[in-house]
Amino acid sequence: MADTPAVKTTMAKALNAALADALAADDRVVVFGEDVGQLGGVFRITDGLLARFGDRRCFDTPLAEAGIVGFAVGLAMSGLRPVVEMQFDAFAYPAFEQIASHVAKLRNRTRGRLSVPMVIRVPYAGGIGGVEHHCDSSEAYYAHTPGLKVVTPATVSDAYSLLRAAIDDDDPVVFLEPKKLYFSSAEAVLPARTEPIGRAVVRRAGRDATLIAYGPAVPVALEAAEAAREEGWDLGVVDCRSIVPFDDATVTAEVRRTGRAVVVTEAQGFAGVGAEIAARVQERCFHALHAPVLRVSGLDIPYPPPMLEHTHLPGVDRVLDTVARLQWDDQPDPRWLPRMEGAA
Amino acid sequence: MTTAPRAVRRAAPRSRRSATPTDPAHALLPAVEPVRMLDETGSRLPAHPDYPEPSTADLRELYRRMVVGRRFDVQATALTKQGRLAVYPSSRGQEACQVGAVLAVRDTDWVFPTYRESMALTARGIDPVEVLTLLRGDWHCGYDPAARHTAPQCTPLATQTVHAAGLAYGEAYQGRDTVALVFIGDGATSEGDFHEGVNFAAVFKAPVVFFVQNNRYAISVPLSRQTAAPSLAYKGVGYGVPAEQVDGNDPMAVLAVLTRAVAHARAGNGPYLVEAHTYRMEAHTNADDASRYRDGAEVEAWRDRDPVTRLEAYLRGAGALDDAAVAAIAAEAEAYAADLRERMNLAPAVDPLSLFDHVYAEPTPQLREQREQVRAELAAARDTEGDA
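Conventions we followed
Residues numbered from 1 in each chain as written. Chains lettered and ligands numbered in written order. Predicted model: local features only at pLDDT ≥ 70, side-chain atom pairs only at ≥ 80, totals over all residues. Heavy atoms only, no water. UniProt positions renumbered as here; feature names shortened; annotations may be inferred. 1 Å grid on protein atoms, 1.4 Å probe; cavity = no way out; pocket = protein on both sides within 12 Å on 5 of 7 lines; lining within 4 Å. Points joined across faces, edges and corners; volume = space filled by probe spheres on them. Helix = DSSP H or I, 4+ residues; strand = E, 2+ residues; numbered from the N terminus. Expected span 1.5 Å × (residues − 1). Buried < 20%, exposed > 50% of the residue type's maximum accessible area, 1.4 Å probe, protein only. Contact = heavy atoms within 4.5 Å. Salt bridge = Lys/Arg side-chain N within 4 Å of Asp/Glu carboxyl O. Polar contact = N/O pair within 3.5 Å; in protein donor to acceptor, adjacent residues only side chain to side chain. Axes fitted to C-alpha atoms, helices over the stretch in contact; angles between N-to-C directions. Parallel < 35°, antiparallel > 145°, perpendicular 65-115°, else oblique. Left-handed = near helix turned anticlockwise from the far one by under 90°. Domains from an automatic or database assignment. Buried area = accessible area lost by both parts, 1.4 Å probe. Phe/Tyr/Trp six-rings, centres within 6.5 Å; stacked < 30°, edge-to-face > 60°. Pairing = 2+ DSSP bridges. Nonpolar A, V, L, I, M, F, W, Y, C, P; charged D, E, K, R; others polar.

Under an unreviewed UniProt entry, the name given to chain B is Pyruvate dehydrogenase (Acetyl-transferring) E1 component subunit alpha, and the organism recorded is Micromonospora echinofusca. Under the UniProt heading Cofactor (unreviewed entry), the entry covering chain B gives this text: "thiamine diphosphate".

The name given to chain A in an unreviewed UniProt entry is Alpha-ketoacid dehydrogenase subunit beta, with the source organism recorded as Micromonospora echinofusca. UniProt lists a comment for chain A under the heading Cofactor (unreviewed entry), and it reads "thiamine diphosphate".

In this model, the largest pocket occupies a volume close to 780 Å³. Around the largest pocket sit 29 residues that line it, and Ala-143, His-144, Pro-146, Val-244 and Glu-276 of chain A are the ones nearest its centre. Among the elements of the structure, helix H6 (139–143), strand S12 (242–244) and helix H10 (273–285) of chain A together with helix H14 (365–387) of chain B are those that each provide at least two residues to the lining of the largest pocket. A per-element tally of the lining of the largest pocket places H10 of chain A first, with five residues. Counted as a void, the second largest pocket has a volume near 420 Å³.

Here helix H9 (residues 192–203) of chain B contains 12 residues, and its C-alpha end-to-end distance of 16 Å stays within 8% of the 16 Å for a straight helix at 1.5 Å per residue. Of the residues making up H9 of chain B, those classed as buried are Asp-193, Phe-194, Glu-196, Gly-197, Val-198, Phe-200, Ala-201 and Ala-202 of chain B.

With that settled, consider the interface of chain B and chain A. Contact residues are listed per partner, giving 45 residues for chain B and 47 residues for chain A. Summed over the shared surface of chain B and chain A, the number is one salt bridge. Across the pair Glu-369 of chain B and Arg-284 of chain A runs a salt bridge, and its minimum N-O distance is 2.9 Å. Applying the counting criterion to the chain B and chain A interface returns 23 residue pairs in polar contact (both at pLDDT 80 or more).

Let us look at the UniProt feature "domain: Dehydrogenase E1 component" (unreviewed entry) in chain B. Those residues carrying the UniProt feature "domain: Dehydrogenase E1 component" (unreviewed entry) are residues 64–339 of chain B in this numbering. A helix fraction of 46% and a strand fraction of 11% characterise residues 64–339 of chain B, whose end C-alpha atoms lie 17 Å from each other.

With that settled, the discussion passes to the packing of helix H2 (residues 56–81) of chain B against helix H3 (residues 95–103) of chain B. All names here are of chain B. Two numbers describe how H2 lies on H3: the axes approach to 9 Å, and their chain directions differ by 130°. Comparing the axis directions of H2 and H3 gives the class oblique. For the pair H2 and H3, the crossing hand works out as right-handed. Residue-level inspection shows Asp-58, Glu-61, Leu-62, Arg-65, Met-66 and Arg-70 of H2 in contact with H3, the latter providing Glu-95, Ala-96, Val-99, Gly-100 and Leu-103.

With that settled, the discussion passes to unusual backbone geometry. The omega torsion across Leu-190 of chain A and Pro-191 of chain A is 0°, close enough to zero to call that bond cis. Note on placement: Pro-191 of chain A falls in the loop between strand S8 (185–188) and strand S9 (201–204). In this chain, Val-244 of chain A is followed by Pro-245 of chain A through a cis amide linkage whose omega measures -5°. Take Pro-245 of chain A: it is sitting in the loop between S12 and helix H9 (248–258). Phi is positive for Lys-205 of chain B, close to 50°, though the residue is something other than glycine. Looking at the secondary structure, you find Lys-205 of chain B in the loop between H9 and strand S3 (208–214). We classify Lys-205 of chain B as exposed; its relative accessible area is 53%.

By a widespread convention, an interface's size corresponds to the accessible area lost as its parts come together. Residue and element names in this part refer to chain A. If you check the domain split of chain A, you get domain 1 (7–188) and domain 2 (201–323). Inter-centroid distance (C-alpha atoms) of domain 1 to domain 2 is 26 Å. Taken together, the contact pairs 28 residues of domain 1 with 23 residues of domain 2. Summing both partners gives a buried area of about 1900 Å² for domain 1 against domain 2, and 59% of it is carried by carbon and sulfur. Three residues, Glu-139, Thr-152 and Lys-180, lead the burial of domain 1 against domain 2; their summed loss comes to 21% of the area buried on that side.

In this description, a pair of aromatic rings is defined by centroid distance and the angle of the planes. Scanning the entire structure with this criterion turns up 23 aromatic pairs over all chains. Ring geometry for Phe-96 of chain A and Tyr-142 of chain A: centres 6.1 Å apart, planes at 50°, overall tilted. Pair noted here: Phe-96 of chain A is in helix H4 (residues 96–103) and Tyr-142 of chain A is in helix H6, with a separation of 46 residues, a long-range link. When its relative accessible area of 28% is taken as the criterion, Phe-96 of chain A is described as partly exposed. Take Tyr-142 of chain A: its relative accessible area is 1%, and that puts it in the buried class. Here the aromatic rings of Tyr-169 of chain B and Phe-204 of chain B are separated by 5.3 Å at their centres, their planes lie at 55°, and the arrangement is tilted. One end of the pair, Tyr-169 of chain B, is in helix H8 (residues 159–173); the other, Phe-204 of chain B, is in the loop between H9 and S3, and 35 residues separate them in sequence. In terms of burial, Tyr-169 of chain B and Phe-204 of chain B fall into one category: buried.

Residue and element names in this part refer to chain A. An order of S3-S2-S4-S5-S7-S6-S12 is seen for the seven strands of this open sheet, with the pairing classed as mixed. Looking along the sheet, the strands with just one partner apiece sit at the ends: strand S3 (58–60) and S12. The sheet shows a mean angle of 20° between the axes of neighbouring strands, taken without regard to direction. Taken together, the three bridges between strand S6 (residues 149–151) and strand S7 (residues 173–178) define a ladder with parallel strand orientation. Of the residues in S7, the one forming a bridge with Val-151 is Phe-175. Sheet strands in contact with helix H7 (residues 156–168) are strand S2 (29–33), strand S4 (81–85), strand S5 (119–124), S6 and S7, and its direction is about 160° off that of S7.

Turning our attention to H2 of chain B. If you check H2 of chain B, its first and last C-alpha atoms are 38 Å apart, about what 26 residues at 1.5 Å a residue would give, namely 38 Å. Looking one or two residues beyond H2 of chain B, the residue adopting positive phi is Gly-83 of chain B, at roughly 85°.

Looking now at the packing of H3 of chain B against helix H10 (residues 251–269) of chain B. Residue and element names in this part refer to chain B. H10 packs onto H3 with a crossing angle of 35° between their chain directions and a minimal axis gap of 8 Å. Two packed elements cross with a definite hand, and for H3 against H10 that hand is right-handed. When H3 is examined against H10, the residues Ala-96, Cys-97, Gly-100, Ala-101 and Leu-103 are found in contact with a partner set consisting of Pro-251, Val-254, Leu-255 and Leu-258. Class assignment for the residues of the contact of H3 with H10 results in eight nonpolar, one polar and no charged.

Before going further, it helps to spend a moment on the pairing of S7 of chain A. Consecutive side chains of a regular strand alternate in pointing toward one face of the sheet and then the other. Residues and elements named next belong to chain A. Summarising burial for S7: six of the six residues are buried, a large majority. Of the two faces of S7, both are covered, the one formed by Val-173, Phe-175 and Glu-177 as well as the one formed by Val-174, Leu-176 and Pro-178. Note: S5 against S7, six bridges, orientation parallel. From the neighbouring strand, Pro-123 faces S7, where its bridge partner is Glu-177.

Here is the structure:
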């Protein structure tokens, strides 16, 4: 295995390989959803699974997301390991009651006598020029629901490893796949096993400040850190990988080293996962901080139409502008000074 | 264009299965009238062509469990008034449905109840204290669903119909001949999940019996606001699911129709939909005031259709039940209620730290932190009590 050469592959292909390897490894695994059979999924993540494993193991369902997730609850109760695909982030909303009231709670409601291990795969977030209802960052809804694990990969190797781990997990996992990274490619050795669910990773070490990101925001943070070198900042990047459970230990260790942190998320910021991360870091690292933890996020607007999405999405400039406000000269941030009475 | 189906329905003979074989939809339609085998006085109606009479032994067992079930229901209502239960949704008047349905399935079959199925669960043999755990409030589900093949009582309406479809499909997938019996009410048939559950079961030919207890009201909202269908059983045809309607206060008919529906599903023919016409004699729960939305005359009229007295009259007439047997069953019911009362009067043990158990298979670091915080809060509270 150690001699397997790295090959250039995409996140989409890595996810496809993870599903195929899970189906081959465990008879209990079944993959289903809308268009996942003959078509191989609208993003081709299930490509070839029907042909290889047959329509008992990989099958299309009626077009009904609550039905798909509810059906998976019953299958999991019978001892199977369902992996379901929601076609797009916003199309998963009809399933939310099933997810919040049943998937997340069955273990707890029954004192552990029933459990419903399953993976709910959700292609999420934007940056692909999608029309409305195809680009939502829906992670906060799931992260705010106790009983769910919420995982999102940013690299090809993590996509494979985390999906295999999610399928093996005894808890239900909402597996959020950043659409804009599906066709990003990298050298990877598959099957890859990186780390278990719940571990963040330091993607780039830095001395001056730490950028904390997950999923689609990780490449943005890495690009910003690279660009920051020209401005004289040495920025580190932590990829959370798992939103629930959250790896406080890795994140806070990095922030304590640098004393400054910016949370970068693509999602709208208000009441979001970025707010939670910023609060956790502030609570845990107060005495190590030279500046408040700042956030860079999407705007608090419904996801915009394709021709305007670049204004919404946090990019390198918005990240660097925020880094510039990390109290380098210990002056109040003018944007947040109280307005003077009578001032023009 | 609405006249055509009407004409078909009017033309349907008592046994629809022999008629118009060229129309595939026709075989799925319920009989025009609900199946009845006993009239309101307990007299046997003419033999039904599709439904053989259940055995006397089964009918006696049905009667016994209905009497015990009714006593349980009365006791649970009393416990609510005494503050032992947070709330109790009574199923008084629905005894034939509650007990008849669970008698029609095996212990290895799965039952998917709602919050109103406490009586059905006790009739299934589950400890009544475990059944009432949800309503007492010391935990959510008190019984072991895996051991009893019984899902937790479901509060979000109709959501369990899809679970039943998945469970039934998963069982068949793994080579087991399990049937899933799912209870829902008339109001829940308006929920999208009812549609999705029946449709999934039909498409995947899952062995599910959807049992709709049409008790005329969803809390206060009458059936006329739930549907414009001729009756709820007609919802089956749109999904390709055969359906039947039954007099839900006729215990013999409920058992016969459910037995046939379960056999249909177990034989690999896919799901079946049964609508039972019945009536909730009590308010929605103890917290509800039914006089605000239905009048006393309506309730009184249903009292004359009581399922327990109907079956008792039939069994007495058939020589299968006498005064001594009735008294023995009544005594058993009293003992059952006394035991329940006694055990419910004991305060249940609750452990605040158990709140952190079973949220995940293993607690997350964040839950371990919160557990420590609560442990410290509890210790501090104990110290304060000690000082006082």
